[in-house]
Amino acid sequence: MMEVLRLTHRIRRDPRLSSHVALTARAFLADKIYYSGDHDAAFESSINNTVNRFGGDFEILYVKDAVKFVQKRKEQGFLIVHLTAYGMRLKDAIQKIKLYKNVLIIVGSERVEPEYYELADYNVSITNQPISEVSALAVFLHEYFDGKELDIKFDNAKIIFNPSRTGKDIIKQENT
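Residues numbered from 1 in each chain as written. Predicted model: local features only at pLDDT ≥ 70, side-chain atom pairs only at ≥ 80, totals over all residues. Heavy atoms only, no water.

**Q** Explain the side chain of T84 to me, and be specific about the residues and the numbers.
**A** As for its placement among the helices and strands, T84 is situated in strand β4 (residues 79-89). A distance of 3.3 Å separates polar atoms of two side chains, one belonging to T84 and the other to Y117. The residues touching T84, leaving out its near neighbours within four places in the chain, are Y117, N123, V124 and S125. (Helix = DSSP H or I, 4+ residues; strand = E, 2+ residues; numbered from the N terminus. Polar contact = N/O pair within 3.5 Å; in protein donor to acceptor, adjacent residues only side chain to side chain. Contact = heavy atoms within 4.5 Å.)

Laid out in structure tokens, this is it:
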């Protein structure tokens, strides 16, 4: 089970970026995304609409207390991976992380509290430079799944983008 926790979603500031984190998590084969901060029904609806149209079993869920949630996941045997510019290099950690089937990836938004660094089994940096949580998540999941997301076909898709060199080729399926 690959899960993502997006910390401190702020309705007035983060709706687009949080949506990009969720869409990236889905497209790069995570099973679920959780988010903390402001509860945002519109955000949830938007992601659920995407899943309904483009397929898959991806879920979005709100957590009120993210620290307690991470502690619980850790007790349940999840490996906790925090993506941060201050962590160890991805290439030094990824093979050890791949040994775990149940992984919770934490990505921040505003300043991340010290508890998350302490709770993490791995604080991982993609570049040791400031980087978007969207790109960090994409690179991490790409490496974890060995690029399998590039060829995946999601079950129950009503809309499929067919690769095309010269424009949009969209396949709409009636009943899936």
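**Q** Before we move on, can you summarise the pairing of β4 with the specific residues and values?
**A** Within a regular strand, the side chains alternate between the two sheet faces. In this sheet, strand β5 (residues 103-107) lies alongside β4 in parallel orientation, the contact comprising four bridges. Residue pairing for β5: H82 is matched across the bridge by I106. Crossover connection from β4 via helix α4 (residues 90-97) to parallel β5: handedness right-handed. In the sheet, β4 pairs with strand β6 (residues 122-125) via five bridges, with the strands oriented parallel. Its bridge partner being in β6, V81 is matched across the sheet by Y122. (Pairing = 2+ DSSP bridges. Right-handed = clockwise from strand over helix to strand, strands pointing away.)

Keep in mind these numbers describe shape, not what the thing actually does.
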